[in-house]
Amino acid sequence: QIQLVESGGALVQAGGSLRLSCAASGRTLSVYSMAWFRQVPGKEREFVAGISRDGSSTGYTLSAKGRFTISRDSAKKTLYLQMNNLKPEDTAVFYCAADWRRSSGWGAQTYEYDFWGQGTQVTVSS
């Protein structure tokens, strides 16, 4: 129904910024709630930010509040994550995900999402 491809990951110094993109193809993006997750070796994949189908509702994990902004552009079929004031603990592979089942809001658990991208590496040096 949909394919997701992340991009924008890079090596940056602490305090720097990155914008991640998730380009979608296939089904109209507006029917999916979307989210960003991240994962480090040996750890569970964790929720970072979520956004509702129409973009009216967003949510963030505590460590991301005030630093990250999730947004979506239905015309471009793209999900974004603007990350400012990056910290070494942000280092991870970031994944975008899509959920067709939720009609409003967003979910914060991996099992709630049906489609995933391949991931993009974000490395923050101290």
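Everything numeric in this text was worked out from a predicted model, so none of it was measured.

Colleague: An account of the overall build of the protein chain is needed here, citing residue identities and associated values.
Modeller: When helices and strands are counted, the protein chain shows zero helices and eleven strands. Reading the protein chain from its N terminus to its C terminus gives the helix and strand order β-β-β-β-β-β-β-β-β-β-β. In terms of overall dimensions, the protein chain is globule-like: its C-alpha atoms have a radius of gyration of 13 Å, near the 14 Å expected for 126 residues. Within the protein chain, the fraction of its 126 residues that count as buried is 41%. Within the protein chain, contacts between residues separated by at least 24 positions form 59% of all contacts whose residues are at least 6 apart in sequence. Between the mean site of the 14 positive side-chain charges and the mean site of the 10 negative ones, the protein chain shows a separation of 3 Å.

Colleague: Any chance you could break down the state of the cysteines for me, citing the residues and the numbers?
Modeller: Within the structure shown, the criterion is met by one disulfide. Bridging cysteine 22 to cysteine 96, the disulfide has an S-S length of 2.0 Å. Taking the sign of the S-S torsion, 50 degrees for the link of cysteine 22 and cysteine 96, the bridge is right-handed. Here the residue cysteine 22 occupies a position in strand β3 (residues 18–26), and cysteine 96 occupies one in strand β9 (residues 92–99), the gap between them amounting to 74 residues.

Colleague: Tell me about the sheet that holds strand β7 (residues 68–73), and please be specific about residues and values.
Modeller: Ordered in space as β1-β3-β8-β7, the four strands form an open sheet in which the pairing is antiparallel. Taken across any chain shown, the strands that pair with only one partner, and hence form the sheet edges, are β1 (2–7) and β7. Across the sheet, the mean angle from the axis of one strand to that of its neighbour is 15 degrees, orientation sign disregarded. As paired elements, β1 and β3 share six bridges and run antiparallel to each other. For glutamine 3, the partnering residue across the bridge sits in β3 and is serine 25.

Colleague: Quick one: what's the story with the nonpolar core, residue by residue and with numbers?
Modeller: One finds Leu4, Trp36, Leu81, Met83 and Phe94 to be the most contacted residues of the largest nonpolar core, which totals 28 residues. Among the secondary structure elements, those contributing two or more residues to this core are β1, β3, β4 (33–39), β5 (46–51), β7, β8 (78–83), β9 and β11 (120–125). Setting aside anything within four residues of it in sequence, one finds leucine 81 in contact with Leu18, Arg19, Leu20, Trp36, Val48, Ala49, Phe68, Thr69, Ile70 and Phe94. By size, the runner-up hydrophobic cluster in this structure holds five residues, among which are Ala35, Phe37, Ala97 and Tyr113.

Colleague: Please set out the pattern of salt bridges residue by residue, giving values where relevant.
Modeller: Applying the stated criterion to the full structure yields seven salt bridges. Salt-bridge contacts for arginine 38 lead to aspartate 90; the nearest nitrogen and oxygen are separated by 3.0 Å. On the criterion of sequence distance, the pair formed by arginine 38 in strand β4 and aspartate 90 in the loop between β8 and β9 is long-range, its members being 52 residues apart. Since its relative accessible area comes to 1%, aspartate 90 is described here as buried. For arginine 67, the salt bridge identified is with aspartate 90, shortest N-O distance 2.7 Å.

Colleague: Tell me what's going on with the environment of glutamate 6, and back it up with residues and numbers.
Modeller: Tracing the backbone through its elements, the reader meets glutamate 6 in strand β1. With relative accessibility at 4%, the residue glutamate 6 sits in the buried group. Distance in space between the C-alpha atoms of glutamate 6 and threonine 120 is 5.9 Å, their sequence separation being 114 residues. Sequence-distant contacts of glutamate 6, that is, excluding residues within four places in its chain, are made with Ser21, Cys22, Trp36, Phe94, Tyr95, Cys96, Gly117, Gln118, Gly119 and Thr120. Within the structure, glutamate 6 has its side chain in polar contact with the backbone nitrogen of glycine 119 (distance 2.8 Å).

The rules we used
Residues numbered from 1 in each chain as written. Predicted model: local features only at pLDDT ≥ 70, side-chain atom pairs only at ≥ 80, totals over all residues. Heavy atoms only, no water. Helix = DSSP H or I, 4+ residues; strand = E, 2+ residues; numbered from the N terminus. Rg over C-alpha atoms; globule rule 2.2 N^0.38 Å. Buried < 20%, exposed > 50% of the residue type's maximum accessible area, 1.4 Å probe, protein only. Contact = heavy atoms within 4.5 Å. Lys, Arg positive; Asp, Glu negative; His and termini not counted. Charge placed at Lys NZ, Arg CZ, Asp CG, Glu CD. Disulfide = S-S within 2.5 Å. Pairing = 2+ DSSP bridges. Axes fitted to C-alpha atoms, helices over the stretch in contact; angles between N-to-C directions. Core = buried A, V, L, I, M, F, W, Y, C linked by side-chain atoms within 4.5 Å. Salt bridge = Lys/Arg side-chain N within 4 Å of Asp/Glu carboxyl O. Polar contact = N/O pair within 3.5 Å; in protein donor to acceptor, adjacent residues only side chain to side chain.

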